[in-house]
Amino acid sequence: MNVSDFDFISQFLKKRSGLVLSQDKAYLLESRLNPVARKWSMSGFDELVQKVRATNDERILNDITEAMTTNESFFFRDQKPFDQFKDLVLPHMLEKRASSKTIRIWSAACSSGQEPYTLAMLLKEAGPALAGWKIEIIATDLSNEILNKAKEGVYTQFEVQRGLPINLLVKYFQQNGDRWQIDSSIRNMVTFKSFNLLESPAMLGKFDIVFCRNVLIYFDQPTKSVVLKNIAKQMPDDGFLYLGGAETVLGISDEFQLIPGKRGIYGLVRNGELVNKAAAV
C-alpha cells in the first residue's frame, strides 16, 4: 500500500465517519477492505482504491465505510455502568420524571445491539416500578448492515456467553441450534435507526440518558468536541451521559463534567457548575 492510497482512504473515512487512522493502521485497512474488493470482483486493496478514485461509486463507498466502522460489543460490557444505571440513574429518573412518566434513552453507536438490549432487560427486570411509564430506547449506528443484525436480535453461543448472566439468557432468549434470539418483548422495546454522529442529532429528539461509549476514542479532538456539543443540546439539565472507561471530556468539552465518584458518568454544566448534583452521592 502506498502512502497516497492510504491518505486517500483515511481522509475519506474521516470525512464520512469521523474515524481517524494513523499510518501504523495501514494493515487494518488492507485486512478489512480486501473482502470488500473481492465482493466487487477486484484483485485487492490497490484495485479497490483505483476504482473509487475513478468512479466514486457510492455503493462501494458505503461498503468501505461499513467494513471500517463495525466494532464489537457485548452484553453488560464493563458491568459497572449498568449497575450504576440500575442503582443510581434509573431511581433518579423515576423520581424526577414522576409527573410525565416518560424517559428517553439513546444508545449511540450501538453496533450489534447488545448495549440497548442490556438496558431493555434491566428495565424489564424493574417490573412494577415502571408500570404506566413510557420508556423509549433509541439505538443508532452508521452501519446499516450491523443495524440489521441488531434488529434480528440473533446471537451466537460465544456472543451470549460474553457478559450475559445465565438467568437472563434463560429468561429472555430462545435457542435455535447454535444461535440464540432475544425475546420479542425485549426487541420491541428498542427502536433502531441509522445515524451518523458527525451530524446533528436534533432529528432524534431530546434524551434524558445518553450512552456514547467507546466511540469517541476513534475521533480526533475537534470531532469529539463537536459530537459532545451536539449531544449536550439534546439533553435536559439533569440528564446523564455515559462515556467509555478510557474516554474523557477534559480538554474537549465544557458542556459536561464527571459526576463525582461515578466513573464514566457525566452531567451537564451550566454557568460553570455541574447541574445534576443530586446524583453525586
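Treat the numbers as computed from the prediction; the structure is a model and nothing was measured.

Colleague: So what exactly am I meant to see when it comes to the nonpolar core here?
Modeller: The tendency in soluble globular proteins is for nonpolar side chains to be buried side by side. Among the nonpolar cores identified, the biggest contains 41 residues, and Phe-85, Ile-105, Met-121, Leu-164, Phe-173 and Ile-209 are the most heavily contacted of them. Contact partners of Ile-105, with chain neighbours within four places excluded, come to Phe-85, Leu-119, Leu-123, Ile-135, Glu-136, Ile-137, Ile-138, Phe-207, Ile-209 and Phe-211. Grouped together as the second largest cluster of nonpolar side chains are 24 residues, Trp-106, Leu-204, Leu-216 and Phe-219 included.

Colleague: I would appreciate a short explanation of the environment of Ala-139 in the present structure.
Modeller: Tracing the backbone shows Ala-139 in strand β2 (residues 134-141). Take Ala-139: its relative accessible area is 0%, and that puts it in the buried class. Sequence separation of Ala-139 and Trp-106 is 33 residues, and the distance between their C-alpha atoms is 5.9 Å. Here Ala-139 is in contact with Ser-107, Cys-110, Pro-116, Leu-147, Val-190, Thr-191, Phe-192 and Lys-193, once residues within four sequence places are set aside.

Colleague: In this structure, what is going on with the packing of helix α1 (residues 3-17) against helix α4 (residues 58-69)? I would like to understand it.
Modeller: Between two packed helices, both the angle of their axes relative to each other and the distance between the axes serve to describe the pair. Where α1 meets α4, the axes come as close as 11 Å, and the angle between the chain directions of the two elements is 85°. By the angle class used here, α1 and α4 are roughly perpendicular. Taken together, the residues of α4 that come into contact with α1 (itself represented by Phe-12, Leu-13, Arg-16 and Ser-17) are Glu-58, Leu-61, Asn-62, Ile-64, Thr-65, Met-68 and Thr-69. A breakdown of the residues in the contact of α1 with α4 according to their chemical character gives five nonpolar, four polar and two charged.

Parameters and conventions
- Residues numbered from 1 in each chain as written.
- Predicted model: local features only at pLDDT ≥ 70, side-chain atom pairs only at ≥ 80, totals over all residues.
- Heavy atoms only, no water.
- Core = buried A, V, L, I, M, F, W, Y, C linked by side-chain atoms within 4.5 Å.
- Buried < 20%, exposed > 50% of the residue type's maximum accessible area, 1.4 Å probe, protein only.
- Contact = heavy atoms within 4.5 Å.
- Helix = DSSP H or I, 4+ residues; strand = E, 2+ residues; numbered from the N terminus.
- Axes fitted to C-alpha atoms, helices over the stretch in contact; angles between N-to-C directions.
- Parallel < 35°, antiparallel > 145°, perpendicular 65-115°, else oblique.
- Nonpolar A, V, L, I, M, F, W, Y, C, P; charged D, E, K, R; others polar.

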